[in-house]
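These are the residues of each chain, in order.
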Amino acid sequence: MRKIDLIPFLLLGLMACNDGGGAKEEVNADTAAAASTVDTLHHHADTSGAIAPVPEIPAGAKVFFVNLKNGQKIKSPFKVEMGVSGIALDTAGVLKPASGHHHILIDAGDSLATGTVVPKDSTHLHFGNAQKSAELNLTPGEHKLTLQYADGIHRSYGSKLAATVTVNVQK
Ligand SMILES: [Cu+2]
């Protein structure tokens, strides 16, 4: 009885030794176990580390220009009121769920792809102090203004939290 029981193990052992794969297989099994552990750790790290995904947009959230309509004629400088509903308005610096701040893109497209860090330059204005209004000084002519919401670390929420109007600045 005992001898018969041992035979399969011996055979396995011999086969493993013969192709030198015995040790390898053990290592592989360990690696697989370790990999799944690391994987679990990574998933946790993803929600708290520097590469955390852009927070989900709450259903129904939107941004809008409060005082500007598409095609509006306006004199410069002028005040822009930035509206948001369904998602919190907060200062920049810390990543929080369901939260963000406004940006105005001037003649720089209809939105920035989700996750894109909003550039900081003369055509990409940040309102990281949770401002709700801004004064713009634009040259005469047509200008496309886009309100783009982004998370606490300036990553765009994409087209779902963007609004665009074209204004006509009078001479
Ligand atoms: Cu920003």
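The structure under discussion appears in the preceding block.
These figures come from a predicted structure and were not determined experimentally. (Residues numbered from 1 in each chain as written. Predicted model: local features only at pLDDT ≥ 70, side-chain atom pairs only at ≥ 80, totals over all residues. Heavy atoms only, no water.)

Asks: Teacher, can you tell me more about the sheet that holds strand E3 (residues 78-85) here?
Replies: Within a sheet, adjacent strands bond to each other through the backbone by hydrogen bonds, running parallel or antiparallel. Taken in spatial order, the 3 strands of this open sheet run E1-E3-E8, and their pairing is antiparallel. Looking at the sheet topology across the chains shown, the edges are occupied by strand E1 (62-65) and strand E8 (133-136). When strand polarity is set aside, the average angle formed by the axes of neighbouring strands in this sheet is 25°. Here 4 bridges tie E3 to E8, and the two strands are oriented antiparallel to one another. Residue pairing for E8: glutamate 81 is matched across the bridge by serine 133. (Pairing = 2+ DSSP bridges. Helix = DSSP H or I, 4+ residues; strand = E, 2+ residues; numbered from the N terminus. Axes fitted to C-alpha atoms, helices over the stretch in contact; angles between N-to-C directions.)

Asks: Would you explain the coordination of the copper ion in this entry?
Replies: Angles between donor atoms at a metal ideally measure 109.5 degrees for a four-coordinate tetrahedral arrangement and either 90 or 180 degrees for a six-coordinate octahedral one. Note on the copper ion: its protein donors are His101 (NE2), His103 (NE2), His126 (ND1) and His154 (ND1). The metal-donor distances range over 2.0 to 2.1 Å. Given 4 donor atoms and angles of 90 to 152° at the metal, the environment of the copper ion is assigned as irregular. In primary-sequence terms, the residues that donate to the copper ion follow H-x1-H-x22-H-x27-H. Residue histidine 126 is found in strand E7 (residues 124-126), and its partner histidine 154 is found in the loop between strand E9 (141-148) and strand E10 (162-170); the two are separated by 28 residues along the sequence. Across the pair, histidine 154 and histidine 126 agree in class, each one buried. (Donors = N, O, S within 2.8 Å, 3.2 Å for Na, K, Ca; no water. Tetrahedral: all angles 85-135°; square planar, octahedral: opposite > 155°, others 65-115°. Buried < 20%, exposed > 50% of the residue type's maximum accessible area, 1.4 Å probe, protein only.)

Asks: Looking at this structure, I do not really get the packing of aromatic side chains. What am I missing?
Replies: Two measures describe an aromatic ring pair: the distance that separates the ring centres and the angle between the ring planes. Within the structure shown, the criterion is met by 1 aromatic pair. Ring centres of tyrosine 149 and tyrosine 157 lie 6.2 Å apart, and the angle between their planes is 25°; on these two criteria the pair is classed as stacked. Note on tyrosine 149: relative accessible area 0%, which makes it buried. Note that lysine 62 overlies the ring of phenylalanine 64, its terminal NZ or CZ placed 5.5 Å from the centroid. (Phe/Tyr/Trp six-rings, centres within 6.5 Å; stacked < 30°, edge-to-face > 60°. Lys NZ or Arg CZ within 6 Å of the ring centre and 35° of its normal.)

Asks: I tried to follow the environment of threonine 91 on my own but got confused; where do I start?
Replies: Take threonine 91: it is sitting in the loop between strand E4 (88-89) and strand E5 (99-100). Expressed as a C-alpha distance, the spacing of threonine 91 and phenylalanine 127, which sit 36 residues apart in the sequence, is 8.1 Å. When sequence neighbours within four positions are dropped, the list of residues in contact with threonine 91 reads Gly128, Asn129 and Ala130. Side-chain polar atoms of threonine 91 contact the side chain of aspartate 90, separated by 3.5 Å. (Contact = heavy atoms within 4.5 Å. Polar contact = N/O pair within 3.5 Å; in protein donor to acceptor, adjacent residues only side chain to side chain.)

Asks: In this structure, what is going on with the sheet that holds E9? I would like to understand it.
Replies: Within the open sheet, the 5 strands sit side by side as E2-E10-E9-E6-E7. Their pairing is mixed. Both edges of this open sheet fall to strand E2 (72-75) and E7, since each of them pairs with a single strand only. Recorded for the sheet is a direction-independent mean angle of 30° between the axes of neighbouring strands. Summarising the sheet, E2 and E10 pair through 4 bridges and their orientation is parallel. In the sheet register, lysine 73 faces E10, and the bridge partner there is asparagine 168.

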